[in-house]
Amino acid sequence: MKARIEQVRARFPEEGIEALVVTGAANRRYLSGFTGSAGTLLITPDEALLFTDFRYVEQATMQAPDFQVVRYDDPYKTLGERLQALAGRRVGIEAEHVTVAEMAKLREAAHVEWVPTRMVVEKVRAIKDASELALIQAAVDLADRCFEYILPQLKPGVTEREVAWRMEKFMRENGAEALAFATIVASGPNGALPHARPTDRPLAAGEFVTLDFGCVWKGYCSDMTRTVFLGEPTAKHRELYELVLRAQQAGVAAVRPGVSGREVDAVSRGIIAQAGYGDAFGHGLGHGLGLEVHEEIPRLSTRGETVLAPGMVTSVEPGVYLPGWGGIRIEDLVVVTEDGCQILTKSPKELVCLPV
Ligand code: ZN
Ligand code: ZN
């Protein structure tokens, strides 16, 4: 964790700050190792403090050896006391992770010049180290196993909700500490809703089923999507599936260092648009992932400013959604390497047509 703290300190001059207060839960965990639900970090040029309450003092002391643990009863008062030494100085506060009410209390408690910062820790978090990549791969591997497990169970009559439950149970029973997000099982016309919630609708022959799911393994997330067909697909089903697959593979092939998220998005989007389905792909191509299932860096979208760098992890997930008809999405996770990317997700992507 020492190296991570140093990387954050190295960003202070650029941010125009002399210290940083970290309140984002994933940032707090990333920098300290502390997994509790309450706590604040204060990082100064020569100190690293972790403020938490009575419930967590012992846990924090064990999990965060690089931090001096400070117990509080009133978090604002205690932080304010520690910030007296920095009175009048510029102290960063994570704009994305503080409420307006909390900010008012901080202003009252500490007479420093609060500087709203964005993405200071997230920029460091975006580059995954080997230990993080190993945990992401473990989470991905379990999701791959879950897909293999559920495939033979996708049959006409079983409901979306039942399929989702079996998948969730499988991941939890095989070591996942949690789900990365609520499992999506969307059949037939429901597949046209990119973030459909599983319903009591039974799967039926002659339809696609989209499964979008992931788990958490020692804090790190996975996220994958496969769309399979029940029975014999029509020419249109095949044609659209092949289109999304082509867009997905071209997107993956475009991921490499030095390329922006927007450029990668444009590759997949261009293929879908050229086939006349541009309006049917209304979301971004991919998102970063790590301690959180949706991380801002990188973002593969029409607004994706980030330039890809080795160690970044992103999803590549184009889709086509036709209201009333259904939808197709295919999603892999990839890690940017020195000369391209490596696909973490191993499940096959060619169209699977299940017997009915
Ligand atoms: Zn997903
Ligand atoms: Zn995703």
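Here the structure is a predicted model, which means the values were calculated and not measured. (Residues numbered from 1 in each chain as written. Chains lettered and ligands numbered in written order. Predicted model: local features only at pLDDT ≥ 70, side-chain atom pairs only at ≥ 80, totals over all residues. Heavy atoms only, no water.)

### Digging into the coordination of the zinc ion (ligand 2)
Reasoning step 1: Binding of the zinc ion (ligand 2) to the protein goes through Asp223 (OD), His287 (NE2), Glu317 (OE) and Glu331 (OE), at separations of 2.1 to 2.2 Å.
Reasoning step 2: Each donor residue of the zinc ion (ligand 2) lies on one chain, and together they are spaced D-x63-H-x29-E-x13-E.
Reasoning step 3: The metal-metal distance between the zinc ion (ligand 2) and the zinc ion (ligand 1) is 3.1 Å, with Asp223 coordinating both. In this pair, Asp223 is assigned in the loop between strand E11 (220-221) and strand E12 (224-230) and His287 in strand E13 (residues 286-288), connecting sequence segments 64 residues apart. As far as the burial class goes, Asp223 and His287 line up, both buried. (Donors = N, O, S within 2.8 Å, 3.2 Å for Na, K, Ca; no water. Helix = DSSP H or I, 4+ residues; strand = E, 2+ residues; numbered from the N terminus. Buried < 20%, exposed > 50% of the residue type's maximum accessible area, 1.4 Å probe, protein only.)

### Observations concerning the coordination of the zinc ion (ligand 1)
Reasoning step 1: Taken together, the protein donors to the zinc ion (ligand 1) comprise Asp212 (OD), Asp212 (OD), Asp223 (OD) and Glu331 (OE), at separations of 2.0 to 2.6 Å.
Reasoning step 2: Taken together, the four donor atoms surrounding the zinc ion (ligand 1) define angles of 54 to 147° at the centre, an arrangement classified as irregular.
Reasoning step 3: Counting the intervening residues between successive donors of the zinc ion (ligand 1) yields the motif D-x10-D-x107-E.
Reasoning step 4: For Glu331, a relative accessible area of 0% gives the class buried. (Tetrahedral: all angles 85-135°; square planar, octahedral: opposite > 155°, others 65-115°.)

### Observations concerning the pattern of salt bridges
Pairing between side chains of opposite charge can happen when the charged atoms of each approach one another.
Reasoning step 1: According to the stated counting rule, one finds 27 salt bridges in the structure shown.
Reasoning step 2: Between Glu6 and Arg9 there is a salt bridge, and its shortest N-O distance comes to 2.8 Å. Here Glu6 pairs with Arg9, and both are found in helix H1 (residues 2-9), just three residues apart, close to one helical turn.
Reasoning step 3: Residue Glu6 is classed as partly exposed on the basis of its relative accessible area, which comes to 45%.
Reasoning step 4: Glu113 is paired through a salt bridge with Arg90; the nearest N and O atoms lie 2.9 Å apart. Residue Glu113 is located in strand E6 (residues 113-117), and its partner Arg90 is located in strand E5 (residues 90-94); the two are separated by 23 residues in the primary sequence.
Reasoning step 5: The partly exposed category is assigned to Glu113, whose relative accessible area is 38%.
Reasoning step 6: When salt bridges that share partners are traced, they join Arg125, Lys128, Glu292 and Glu295 into one network. (Salt bridge = Lys/Arg side-chain N within 4 Å of Asp/Glu carboxyl O.)

### Things to note about the sheet that holds strand E20 (residues 353-354)
Reasoning step 1: Strand order across the open sheet formed by four strands is E8-E9-E12-E20, with mixed pairing between neighbours. Only two strands of the sheet have a single partner each, and these edge strands are strand E8 (184-187) and E20.
Reasoning step 2: Both strand E9 (residues 207-213) and E12 contribute to a ladder of seven bridges, which runs antiparallel. From the neighbouring strand, Glu207 faces E12, where its bridge partner is Leu230.
Reasoning step 3: On the sheet, helix H9 (residues 160-173) packs against E8 and E9 and is oriented at approximately 150° with respect to E8. (Pairing = 2+ DSSP bridges. Contact = heavy atoms within 4.5 Å. Axes fitted to C-alpha atoms, helices over the stretch in contact; angles between N-to-C directions.)

### Section: the side chain of Glu122
Reasoning step 1: Tracing the backbone shows Glu122 in helix H7 (residues 120-125).
Reasoning step 2: Notably, Glu122 is buried but unbridged: the nearest opposite-charge side chain belongs to Arg125, and the N-O separation is 4.5 Å.
Reasoning step 3: Ignoring anything within four residues of it in the chain, the contact list for Glu122 reads Asn27, Glu94, His97 and Ile297. (Lys, Arg positive; Asp, Glu negative; His and termini not counted.)

### Considerations on the pairing of E12
Reasoning step 1: For E12, the buried fraction is high: seven of the seven residues fall into the buried class.
Reasoning step 2: Bridge analysis of E12 against E20 gives two bridges, and the strand direction is parallel. By the bridge assignment, Phe229 is partnered in E20 with Cys353.

### Section: the layout of surface pockets
Reasoning step 1: Approximately 410 Å³ is the volume attributed to the largest pocket.
Reasoning step 2: Every residue lining the largest pocket is counted, 21 residues in all, and those nearest its centre are His283, Gly284, His287, His294 and Arg299.
Reasoning step 3: Partitioning the lining of the largest pocket into residue classes produces four nonpolar, nine polar and eight charged.
Reasoning step 4: In this structure, the second largest pocket occupies an estimated 300 Å³ of space.
Reasoning step 5: Of all elements in the fold, only helix H5 (75-82) and helix H6 (100-109) reach the threshold of two or more residues within the lining of the second largest pocket.
Reasoning step 6: Broken down by element, the lining of the second largest pocket gets its largest block of residues, three residues, from H5.
Reasoning step 7: Across the lining of the second largest pocket, the residue classes tally to 10 nonpolar, five polar and two charged. (1 Å grid on protein atoms, 1.4 Å probe; cavity = no way out; pocket = protein on both sides within 12 Å on 5 of 7 lines; lining within 4 Å. Points joined across faces, edges and corners; volume = space filled by probe spheres on them. Nonpolar A, V, L, I, M, F, W, Y, C, P; charged D, E, K, R; others polar.)

Nothing here speaks to function; it is all geometry.
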